[in-house]
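# Chain and residue survey
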Amino acid sequence: MAEISPHSNADREENPLERQRELMELLSQETRHSIIQTLLGHPAVLASADEINHFIPNKSRKTVQEQLEVLVEAEVLTIYDYPPNKDTRGLPWKFYGFTERGADILGDFNYLKGVPIARAVHQKTRKPEKIERHETAPRPPLPEPVRVTFRIDEKEA
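Report on the accompanying structure. This structure is a prediction, so every number in the text was calculated from the model and none was measured.

### Focus: the environment of Arg147
Assignment of secondary structure puts Arg147 in helix H9 (residues 144–149). Along the primary structure Arg147 and Glu100 are separated by 47 residues, whereas in three dimensions their C-alpha atoms are 9.3 Å apart. Within polar-contact distance, the side chain of Arg147 engages the side chain of Glu144 at 2.3 Å.

Quick look at the structure:
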């Protein structure tokens, strides 16, 4: 697969079509696409690994983790830590969420048009108690540009 980091050869060569192709490849791979859809549907646009895995039941945890790492390396996602949850049993303290760069890319590729549908699917999906607990767990605030992109009120996050 082509290098898809923000500092890839395509940037140095100033070839926007190649860069666009790389981004399309990054976003369209099945598991990564499912991860993105899961995060778009999440009310806080921040989800624990367990929440993400719950919404992608046809993939192994290892596969999902590998693809999360690809998205983090490409700076589409980052890991947001919430240390106050570390000492509370049953609460996640690491959450995956979009970076400002990731939010911009999703806007460029029209993913944001699907947010209402993704949120409706997320809301209607039955979740076991553990996933409900994770979904309602306290989490860190998103950076302002990301909150604005996804229309997240600070009180919701």
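### Side note on the packing of aromatic side chains
The relative placement of two aromatic rings is captured by the distance of their centres and the angle of their planes. Scanning the model with the defined rule gives one aromatic pair in all. Here the aromatic rings of Phe98 and Phe150 are separated by 5.2 Å at their centres, their planes lie at 25°, and the arrangement is stacked. Residue Phe98 is located in strand E3 (residues 94–98), and its partner Phe150 is located in the segment after H9; the two are separated by 52 residues in the primary sequence. Classification of Phe98 as buried rests on a relative accessible area of 0%. The side chain of Lys86 reaches across the aromatic face of Trp93, ending 4.3 Å from its centre.

### Thoughts on unusual backbone geometry
Look at Val45: it is not a glycine, yet its phi comes out positive at around 55°. Inspection of the secondary structure puts Val45 in the loop between helix H3 (30–41) and strand E1 (46–47). The phi angle at Glu75 is positive, at roughly 65°, despite the residue not being glycine. Within the secondary structure, Glu75 sits in the loop between helix H5 (61–73) and strand E2 (77–81). Given a relative accessible area of 35%, Glu75 falls into the partly exposed group.

### Here's the deal with the pattern of salt bridges
Applying the stated criterion across every chain, the model contains eleven salt bridges. In this structure, Lys127 and Glu135 form a salt bridge, with 3.8 Å as the shortest nitrogen-oxygen distance. Of the residues examined, Lys127 reaches a relative accessible area of 14% and is grouped as buried. Put simply, Glu144 and Arg147 hold a salt bridge, and the shortest N to O gap is 2.3 Å. Of this pair, Glu144 and Arg147 are both found in helix H9, three residues apart, which corresponds to roughly one turn of the helix. Judged by relative accessible area, which is 45%, Glu144 ranks as partly exposed. On the basis of relative accessibility, which here comes to 10%, the residue Arg147 falls in the buried class.

Conventions adopted
Residues numbered from 1 in each chain as written. Predicted model: local features only at pLDDT ≥ 70, side-chain atom pairs only at ≥ 80, totals over all residues. Heavy atoms only, no water. Helix = DSSP H or I, 4+ residues; strand = E, 2+ residues; numbered from the N terminus. Polar contact = N/O pair within 3.5 Å; in protein donor to acceptor, adjacent residues only side chain to side chain. Phe/Tyr/Trp six-rings, centres within 6.5 Å; stacked < 30°, edge-to-face > 60°. Buried < 20%, exposed > 50% of the residue type's maximum accessible area, 1.4 Å probe, protein only. Lys NZ or Arg CZ within 6 Å of the ring centre and 35° of its normal. Salt bridge = Lys/Arg side-chain N within 4 Å of Asp/Glu carboxyl O.

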